[in-house]
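# Architecture and fold: a report
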Amino acid sequence: MCRVSRFGGGPRITRQEWIKYGALFVLAVVAFGVAALALSNPRGPSEPATFVPASPAAASPVAAAGGAAAGAAAVTATPLPTATASASATAAATAARLRIELPARPVLLILGDSYTFGVGADRQDQGWAYIVARTLGYPTNIEGEGGTGFAWGGGAKDDGGREFEVRLREISRNPRFVPNLLILQGGQNDSQLNNPDELKTATTQTIEAARRFWPGVQVVVMGPSAPQPLAEELRNANTAVRAGAAAANAPFIDAYEAGWFTRTNSPGFDADGAHPNTAGHAYLAQKFLEAWAALTK
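What you are looking at is a predicted structure, and each value in this text was computed from that prediction instead of being measured.

### With respect to the overall build of the protein
- Within the protein, the regular secondary structure consists of 13 helices and seven strands.
- At a minimum sequence separation of 6, the contacts of the protein that also span at least 24 residues come to 71%.
- Carbon and sulfur atoms provide 59% of the accessible area of the protein, an area that totals close to 17,000 Å².

Structure below.
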């Protein structure tokens, strides 16, 4: 308590009061320090303070994006251009799929329509399939039948019942011939369907059937490959066959998109408006072998 000085000079503070006021002052300083510390680190009592050093990696958008899950305060990275990366990934995936691992002892079956039969060439053995077989040198069976296709069974009204799958099933009944490589050529006759979905489905089913008939067989599809101007009429069929091959994860050799037959070279390769002549078959074989080399390298 305060005491009044006997000299009338105002209140005099005792020694005990000095001690009390000093203690209060110390407590106030401590309380102020605790409050300041709490404001400088607004975390729960069990959360340690984290020091995040600056670094070139942390400053980059990629690094910031990689650490975004660490906390809400992570820097939002500016999206990087992905079109090129996506295109590259797609191209790489396609390239990986479009490969043929040549067996130690290749046995080849080439099945198709009148082109594979050799129609248009002066002699049948001058057809593109025969040239390919001789060049590759594998044991090969060539099965060409005019008017047929993946979905078109032959005949003027698609009533021939000779679709590619039917023909493959017949061949598979011969136990003495077991191909491990299969080339399916066609699509020209399928254009008569005017039903791309049906053609796509038939192409996929044909490839899958071949794999059931000969487990492990590797299938390559070559689409319509007619000289101009017929080639332009086969565009939709080519698209459908290509889509069917893609759905079955089979390599597709796209003669149409690659522009094998042009308005400039077609007159020298055309036999009758629908088939290549002898030179056209030789040219077709050459282009096919170039594509085959790319698939097998």
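### Some remarks on the pairing of strand E6 (residues 218–222)
- Burial analysis of E6 places five of its five residues in the buried class, which makes it a mostly covered element.
- Across the two faces of E6 the burial is the same, with Gln218, Val220 and Met222 and Val219 and Val221 all buried.
- Here strand E5 (residues 181–185) pairs with E6 via five bridges, running parallel. Within the sheet, the bridge partner assigned to Leu182 lies in E6 and is Val219.
- Regarding the hand of the β-α-β motif, the stretch spanning E5, helix H8 (residues 196–213) and E6 is right-handed.

### Looking at the packing of aromatic side chains
- Throughout the structure, instances matching the rule amount to seven aromatic pairs.
- The interplanar angle of 85° and the centroid separation of 6.0 Å between the aromatic rings of Phe213 and Trp214 together place this pair among those described as edge-to-face.
- Considering the side-chain rings of Phe261 and Phe269, the 6.1 Å spacing of their centres and the 80° angle between planes classify their relative orientation as edge-to-face.
- Ring pairing ties together the aromatic residues Trp128, Phe288 and Trp292, which thus form one cluster.

### As for the pattern of salt bridges
- Summed over the entire model, instances satisfying the criterion amount to nine salt bridges.
- With a closest N to O distance of 3.1 Å, Asp125 and Arg123 form a salt bridge.
- With relative accessibility at 34%, the residue Asp125 sits in the partly exposed group.
- The partly exposed category is assigned to Arg123, whose relative accessible area is 47%.
- Residue Arg242 pairs with Glu257 through a salt bridge whose shortest N-O separation is 3.9 Å. Linking Arg242 in helix H10 (residues 235–247) with Glu257 in helix H11 (residues 255–258), this pair joins segments that are 15 residues apart in sequence.
- The exposure class assigned to Arg242 is partly exposed, which follows from its relative accessible area of 28%.
- Glu257 sits in the partly exposed class, given a relative accessible area of 49%.

### Let's talk about the sheet that holds E6
- Within the open sheet, the five strands sit side by side as E4-E3-E5-E6-E7. Their pairing is parallel. Bordering the open sheet on either side are strand E4 (140–144) and strand E7 (252–253), each of which pairs with just one other strand.
- Relative to E4, strand E3 (residues 108–112) runs parallel, the two sharing five bridges. Directly across from Leu111, in E4, lies its bridge partner Glu143.

### Description of H10
- Between its terminal C-alpha atoms H10 stretches 18 Å, which fits the 18 Å expected from 13 residues at 1.5 Å a residue.
- Taken together, the buried positions of H10 are occupied by Ala237, Asn238, Ala240, Val241, Gly244 and Ala245. All buried residues of H10 fall inside an arc of 165° around its axis, so they share one side.
- For H10, the elements touching its buried residues are H8, E6, E7 and H11.
- After H10 finishes, the residue Asn249 shows a positive phi value of roughly 55°.

Cut-offs used in this document
- Within each chain, residues carry numbers counting from 1 in the order of the written sequence.
- Residue-level local features of this predicted model are given only where pLDDT is at least 70; pairs of side-chain atoms are given and counted only at 80 or more, and the full residue set underlies all totals for whole chains, interfaces and linings.
- Excluded from the side-chain calculations are hydrogens and water; all other atoms, namely the structure's heavy atoms, are used.
- Numbering of helices and strands runs from the N terminus; a helix is a DSSP stretch of H or I covering at least four residues, while a strand is a stretch of E covering at least two.
- Any two residues whose heavy atoms approach within 4.5 Å are treated as being in contact.
- Each accessible area value is a Shrake-Rupley result obtained with a 1.4 Å probe; residue values ignore everything except the protein chains displayed when judging cover.
- The buried label applies to any residue whose accessible area, calculated with a 1.4 Å probe on protein chains only, is under 20% of its type's maximum; exposed applies above 50%, and partly exposed to all values in between.
- Following DSSP output, two strands are said to pair if at least two bridges run between them.
- Handedness rule for crossovers: strands pointing away from the viewer, path from the first strand over the helix to the second running clockwise, crossover right-handed.
- Under the pairing criterion, centres of Phe, Tyr and Trp rings, with the six-membered ring standing for Trp, must be within 6.5 Å; the plane angle then separates stacked pairs below 30 degrees from edge-to-face pairs above 60, leaving the rest tilted.
- Salt bridge, as used here: a side-chain nitrogen of Lys or Arg that lies within 4 Å of a carboxyl oxygen of Asp or Glu.
- By this rule, a helix spans an expected 1.5 Å times one less than how many residues it contains.
- Summarising the geometry, the arc corresponds to the directions from the helix axis toward the C-beta atoms.

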